[in-house]
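Survey of secondary and tertiary structure
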Amino acid sequence: MSILVAVRGWKPDHWIHALRAAAPERTVVLPGDAFDPASVRYALVWKPEPGYLRTLPKLEVIFSLGAGVDHLTSDPQLPDLPVVRIVDPDLTGRMTEWVVMNVLLHHRQHTHYAAAQAAGSWQPRRQWAAGAVRVGIMGLGELGTDAARALMALGFEVAGWSRTEKRLDGVAGFHGPDGLAPFLARTDILVSLLPLTAATENLIDRAVIDGLAKDGPLGGPVILNAGRGRSLVEADLLAALEDGRLKGASLDVFATEPLPPDSPLWRAPNLYITPHVAAESDPEALSRYVIGEIAAHEAGRPLGHLVDRDKGY
Ligand SMILES: NC(=O)c1ccc[n+]([C@@H]2O[C@H](COP(=O)([O-])OP(=O)(O)OC[C@H]3O[C@@H](n4cnc5c(N)ncnc54)[C@H](OP(=O)(O)O)[C@@H]3O)[C@@H](O)[C@H]2O)c1
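About the thresholds
Residues numbered from 1 in each chain as written. Predicted model: local features only at pLDDT ≥ 70, side-chain atom pairs only at ≥ 80, totals over all residues. Heavy atoms only, no water. Helix = DSSP H or I, 4+ residues; strand = E, 2+ residues; numbered from the N terminus. Buried < 20%, exposed > 50% of the residue type's maximum accessible area, 1.4 Å probe, protein only. Contact = heavy atoms within 4.5 Å. Polar contact = N/O pair within 3.5 Å; in protein donor to acceptor, adjacent residues only side chain to side chain. Near = heavy atom within 4 Å. Areas by Shrake-Rupley, 256 points an atom, 1.4 Å probe, with all protein chains shown as cover. Nonpolar A, V, L, I, M, F, W, Y, C, P; charged D, E, K, R; others polar. Domains from an automatic or database assignment.

Take D236: it is sitting in helix α8 (residues 234-243). We classify D236 as partly exposed; its relative accessible area is 23%. Separated by 33 residues in the primary sequence, D236 and L203 have C-alpha atoms spaced 11 Å apart. Beyond its immediate stretch of four places on either side in the chain, D236 contacts D205, R206 and I209. In this structure the side chain of D236 is engaged in a polar contact, spanning 2.9 Å, whose partner is the backbone nitrogen of R206.

Around the ligand there are 29 residues in total, and R85, T164, K166, D252 and Y313 lie nearest to it. Between an oxygen atom of the ligand and a side-chain N or O atom of R85, the distance comes to 2.8 Å. A distance of 3.0 Å separates a nitrogen atom of the ligand from a polar backbone atom of A226. Contact with the protein chains removes 93% of the 940 Å² of surface that the ligand exposes when unbound. Elements with a contribution of two residues or more to the shell around the ligand: α3 (89-107), α5 (142-153) and β7 (157-162). Taken together, the residues of the shell around the ligand break down into 15 nonpolar, eight polar and six charged. Both of domain 1 (2-86 + 281-298) and domain 2 (89-273) provide at least three residues apiece to the shell around the ligand.

Written out as structure tokens, the structure reads:
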């Protein structure tokens, strides 16, 4: 029985190598190889061709090689099989680095100091304490929880917003549609780590931007998005950055990726852009995780981190 690796837009070599190192006894195949489709039991995928997984009659488990699964749930022909998503300390740690770095870039007024340095100009500004800044994390799941803890350790006032009620020590919890307005009203830096679902698509729009706190020490609210690009209405973010309703932003994910060269976002004021690299999936770390899950499944133990198809994440 084989393991199939189908990663569109990524180089497969590193994954093949890492999987063979993690499980030398298993056969690993790629979609272009000559193999019997009925030999494939497990598929490790990132943005597979829609309908492709249907062609594997003996497939048992689909592993999403990223924490997000919208690349699978958007396939109307996705077979009705267990979908396991990646939850791994390596990936979580990388996301927390991105969140902390970008919160600090805005909190420590990096755009101002980078411009001053480029001009050879000594321009100190007043710096407020972390405890004066209220960070609000949308999506208090695996990634949001870890980021919340790291930000709290730095002294920030942290709140979280989730679909269902969450209790996390030191984090002010808000949930559901009714919890959104009070959550936004106490937030200076909004961090989105939401999955893309029907409920979160275009969620961060003008109304959300205008609902953020305006009385914080940064001189205006800031938005960070490393969840999914389509959760944010980019035109609304751009307009708010240009007219000053938003003080700054950091985006790792976009409605269209790669972000087109003519996108006005490239030139928006005080906007940090990274090309969907906040938390890359590391083949070595994740291959070990997947092989462990396969071994557990074959030993009759339940699979971890199963996607709930009804919720969409
Ligand atoms: N940029 C990157 O490199 C990168 C890398 C990895 C992942 N990601 C993105 O990060 C997302 C989150 O990953 P994760 O592992 O933290 O997912 P997770 O553990 O499933 O957590 C998702 C969180 O979002 C909340 N949520 C979902 N729908 C909601 C809604 N309609 N209203 C309010 N809250 C809602 C969930 O609420 P409940 O707690 O109530 O369920 C949960 O707290 C992924 O789906 C992916 O899109 C990006």
